[in-house]
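# Structural overview for review
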Amino acid sequence: MAIDEKSAVERMIGLEDVRKDYPLPHPVRGGERDVVHALAGVSLSVQPGEFVAVMGPSGCGKSTLLHVVGGLDMPSAGGVFVNGEAVHAMDGARLGLFRRRHVGVVFQFFNLLPQLTVMENVCLPLRLAGMPFADCRKRADEMLEKVGLPGKAERLPAELSGGEQQRVAIARALIHRPRVVLADEPTGNLDSHTSGMVLDVLRDLQREQQTTLLLVTHSPEVARQAHRTIRMQDGRIVD
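Conventions and cut-offs
Residues numbered from 1 in each chain as written. Predicted model: local features only at pLDDT ≥ 70, side-chain atom pairs only at ≥ 80, totals over all residues. Heavy atoms only, no water. Pairing = 2+ DSSP bridges. Helix = DSSP H or I, 4+ residues; strand = E, 2+ residues; numbered from the N terminus. Salt bridge = Lys/Arg side-chain N within 4 Å of Asp/Glu carboxyl O. Buried < 20%, exposed > 50% of the residue type's maximum accessible area, 1.4 Å probe, protein only. Core = buried A, V, L, I, M, F, W, Y, C linked by side-chain atoms within 4.5 Å. Contact = heavy atoms within 4.5 Å. Polar contact = N/O pair within 3.5 Å; in protein donor to acceptor, adjacent residues only side chain to side chain. Axes fitted to C-alpha atoms, helices over the stretch in contact; angles between N-to-C directions. Parallel < 35°, antiparallel > 145°, perpendicular 65-115°, else oblique. Left-handed = near helix turned anticlockwise from the far one by under 90°.

As a further point, take the sheet that holds strand β2 (residues 35-46). Pairing is antiparallel in the open sheet, where four strands are placed in the order β2-β1-β4-β5. Bordering the open sheet on either side are β2 and β5 (85-86), each of which pairs with just one other strand. As paired strands, strand β1 (residues 13-23) and β2 are joined by nine bridges and run antiparallel to one another. Looking at the pairing, Pro23 lines up with Val35 of β2.

Laid out in structure tokens, this is it:
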């Protein structure tokens, strides 16, 4: 299938017949390796400022979809376009720059650096982009206020609850004002009350910054907050 680059770049996220194959680590028959088709021809368009939930059973390709959109993994075939840029055609250095400028990622397990304070964790994307710490700190103070964590800047992650750690992760993901935020089960490790608080923070910041949000979830309650929901099965979008 030919890649429709003009159509794809007119959207914030455009996927054109994207495939991602993973060979199994050990031969299974005749000395050949079986291949897992994590994405089996996915096409998707997401508009600027849209909040899209991705649902489906475990192993259906949801996280792989997020990874190829964010340039964390490269497709085996097809076209991936984000903010008008052809992600599938980027080399390693260009991918790193693209992610620092345009993509924020929120993981299920927070992925905060335990030896850094809350302030240092939140500032990390800006520090990697070369911003002086004094300037980073000013913006981080604003973000911590927005996520409801004023006064926690000098705490270590281990001194925070799970919900507080996830709010720190959201502040870190959004501090560089990315065009796209990818959230992989951001409430999956939290109780229902804390999940609601974290989702409210994420949605409020998404609306305020007009960020495009692609969120993987198993929760129908979380998915109902999105503008629309896509469902995946066996590496394909089925609904």
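For the coordinates displayed, the defined rule picks out 10 salt bridges. Asp73 is paired through a salt bridge with Lys20; the nearest N and O atoms lie 3.3 Å apart. Of this pair, Asp73 sits in the loop between α2 (62-69) and β4 (77-82) while Lys20 sits in strand β1, and the two are 53 residues apart along the sequence. One salt bridge connects Arg228 with Glu50, and the closest N-O pair in it is separated by 2.5 Å. Highlighted residues: Arg228 in strand β9 (residues 228-233) and Glu50 in the loop between β2 and β3 (51-55), separated in sequence by 178 residues. Residue Arg228 is classed as partly exposed on the basis of its relative accessible area, which comes to 30%.

By size, the foremost hydrophobic cluster in this structure holds 39 residues, and its most contacted members are Val122, Leu144, Ile170 and Leu215. For this core, the secondary-structure elements that each account for two or more residues are β3, α4 (118-128), α5 (133-146), α6 (162-174), β7 (180-184), α7 (192-209), β8 (212-216) and α8 (220-223). The element contributing the most residues to this core is α6, with six residues. Residues contacting Leu215, with those up to four places away along its chain left out, are Phe51, Val52, Ala53, Val54, Ala183, Pro186, Leu199, Leu202 and Val222. Core analysis: the next-biggest nonpolar cluster, separate from the first, contains 28 residues, Leu65, Phe98, Val180 and Met232 among them.

What follows concerns unusual backbone geometry. At Asp17, a residue that is not glycine, the phi angle is positive and equals roughly 50 degrees. Tracing the sequence through the fold places Asp17 in strand β1. Backbone geometry at Glu185 places phi at a positive 50 degrees, although glycine is not the residue there.

The next thing to look at is the side chain of His176. Along the chain, His176 turns up in the loop between α6 and β7. Judged by its relative accessible area of 14%, His176 falls in the buried class. Separated by 2.9 Å, the side chain of His176 and the backbone oxygen of Val103 make a polar contact.

Our next topic: the sheet that holds β3. Spatially, the six strands line up as an open sheet ordered β6-β7-β8-β3-β9-β10, and their pairing is mixed. Edge positions in the sheet fall to β6 (103-106) and β10 (236-237), since each has one partner strand and no second. Summarising the sheet, β3 and β8 pair through four bridges and their orientation is parallel. For Phe51, the partnering residue across the bridge sits in β8 and is Leu213. Sitting on the sheet, α2 touches β3, β7, β8 and β9, and the angle it makes with β7 is about 155 degrees. Packed on one face of the sheet, helix α3 (residues 92-102) meets β6 and β7 and runs near 75 degrees to β6.

Where α4 meets α6, the closest approach of the two axes is 7 Å, and the angle between their N-to-C directions is 30 degrees. The angle between the axes of α4 and α6 places the two elements in the roughly parallel class. Seen from above, α4 lies across α6 with right-handed handedness. Between α4 and α6, the contacting residues are Val118, Asn121, Val122 and Pro125 on the first element and Val168, Ala171 and Arg172 on the second.

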